[in-house]
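Listed below are the residues making up each chain.
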Amino acid sequence: MNRKKFLQLSSLGLSAVSLPSFSPSAQKPIVISTWDSGMAVNAAAWDILSANGKSVDAVEEGARHIENELNCCVGLGGYPDRDGIVTLDACIMDEHANCGAVAGLEQIRHPVSVARKVMEKTPHVILVGNGAQQFAIENGFPKEPAKLSDDAEHAYRDWLKKSTYSPVINIENKKQNGPFAPNFFDDGTPNHDTMGLVALDASGDLSGAVTTSGMAFKVHGRVGDSPIIGAGLFVDNEVGAATSSGVGEEVIRICGTHLVVEFMRQGMSPEQACKKAVERIVKRDPVKAKTLQVGFLALNKKGQYGAYAIQKGFVYSVRSGSENKIHPSKFLI
Ligand code: SD4
């Protein structure tokens, strides 16, 4: 199954899932995640949340679900760096501000679970590269073959013809119209590669996780926002949680998700907080901002959610007792 088919089937299949009998106004538990591929991820997380499970278990399970899709988007099936190597970044954060992350991890299928082990079994927050892989193997994660998925192999060969690094991602194919038009290249493959999700469980506790193969054809060793706590993910159990997708360098520069959570602490709604963070990026370099995409997604302690992006095309998926759907994000430009 190619990436496009996976995304289409995920969305179609899951929109047909019947909802459990919660009051429509119930806002917890709830899980929200980036992109339309978040529908399948939310379903995996929902199995845990709807059984009164913990949000940290739910977000890990959601991220593992997409990491298992070896022909799709994130994880070992993702696009490689410019040396043809798939390097994975992931992080997880719970309601106690416990957090763990891995960056530049090779040949391990479930970076989010390695990140959780870093959180639970070490005094550290981030492990990178060979050290992260060594830690994973010591903790029982099998080393998988260093083989590109067919789709990634094809894309990489194509990229090698010009070998230019131009990280213009997540800006949707302008030929596709409609609020839910997924972000596809002309050949039908999606041009985004990050899954971020945040959840509020029945006990009112927030957690989040992110998993990604990072920007396609990046310099070997490059780390984006996704595994950086406060950039790609931030959780404050008093206030809310946020995650991001898009050009990671721009998110890191403003400590994006930490900023979103701080704006919520000041009283802003999740959508207003995401918008303010997007504005911060655009203000720094309005000309450059026209050529790139960043989207923020946030959930507050009450279970209210919202998103905002620089450009049209960012979508996110929501699963709660009262809804199971994809939303288009508002955007600035
Ligand atoms: C990164 N933020 O590595 C990620 C890329 C991404 O959808 O979000 N792609 O910078």
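Our structure's up above, just so we're on the same page.
Residues numbered from 1 in each chain as written. Predicted model: local features only at pLDDT ≥ 70, side-chain atom pairs only at ≥ 80, totals over all residues. Heavy atoms only, no water.

Provide a residue-level description of unusual backbone geometry, including the pertinent values.
Residue Pro29 is reached from Lys28 by a cis peptide bond, and omega for that bond is 5°. The backbone of Asn52 shows a phi angle near 65°, a positive value even though the residue is not glycine. Note that Asn52 resides in the loop between α2 (38–49) and α3 (55–67). Taking the relative accessible area as the measure of exposure, Asn52 reaches 59% and is therefore exposed. (Helix = DSSP H or I, 4+ residues; strand = E, 2+ residues; numbered from the N terminus. Buried < 20%, exposed > 50% of the residue type's maximum accessible area, 1.4 Å probe, protein only.)

Tell me about the environment of Gln272, and please be specific about residues and values.
Within the secondary structure, Gln272 is located in helix α9 (residues 270–284). Residues Gln272 and Val260, twelve residues apart in the sequence, show an inter-C-alpha distance of 8.8 Å. A distance of 2.9 Å separates a polar atom in the side chain of Gln272 from the backbone nitrogen of Ser269. (Polar contact = N/O pair within 3.5 Å; in protein donor to acceptor, adjacent residues only side chain to side chain.)

I'd like a rundown of the sheet that holds strand β10 (residues 305–309), residues and numbers included.
Read from one edge to the other, the open sheet built from five strands follows the order β7-β8-β9-β10-β13, with strand pairing classed as mixed. The open sheet has two edge strands with one neighbour each: β7 (233–236) and β13 (330–331). The sheet contact formed by strand β9 (residues 294–300) and β10 spans five bridges and is antiparallel. Bridged to Leu297 within β10 is Ala307. Against the sheet, helix α8 (residues 256–265) makes contact with β7, β8 (240–246) and β9, and its axis sits at roughly 145° relative to β8, the strand it touches most. Against the sheet, α9 makes contact with β9, β10 and β13, and its axis sits at roughly 20° relative to β10, the strand it touches most. (Pairing = 2+ DSSP bridges. Contact = heavy atoms within 4.5 Å. Axes fitted to C-alpha atoms, helices over the stretch in contact; angles between N-to-C directions.)

I'd love a proper account of the sheet that holds strand β4 (residues 126–128), names of residues and values included.
Reading across the sheet, the eight strands line up as β4-β3-β2-β6-β5-β1-β11-β12 and stay open at both edges, with mixed pairing between neighbours. Across the chains shown, the open sheet's two edge strands, defined by having one partner strand only, are β4 and β12 (324–328). The mean inter-strand angle of the sheet, taken between neighbouring strand axes irrespective of direction, is 10°. Pairing of strand β1 (residues 30–34) with strand β11 (residues 315–320), which is carried by five bridges, proceeds in the antiparallel orientation. Across the sheet, the residue bridging to Val31 is Arg319, located in β11. Relative to β1, α2 is tilted by about 155°, and along the sheet it contacts β1, β5 (194–200), β11 and β12. Contacting β2 (88–93), β5 and β6 (206–212), α3 runs over the sheet at an angle of about 15° to β6.

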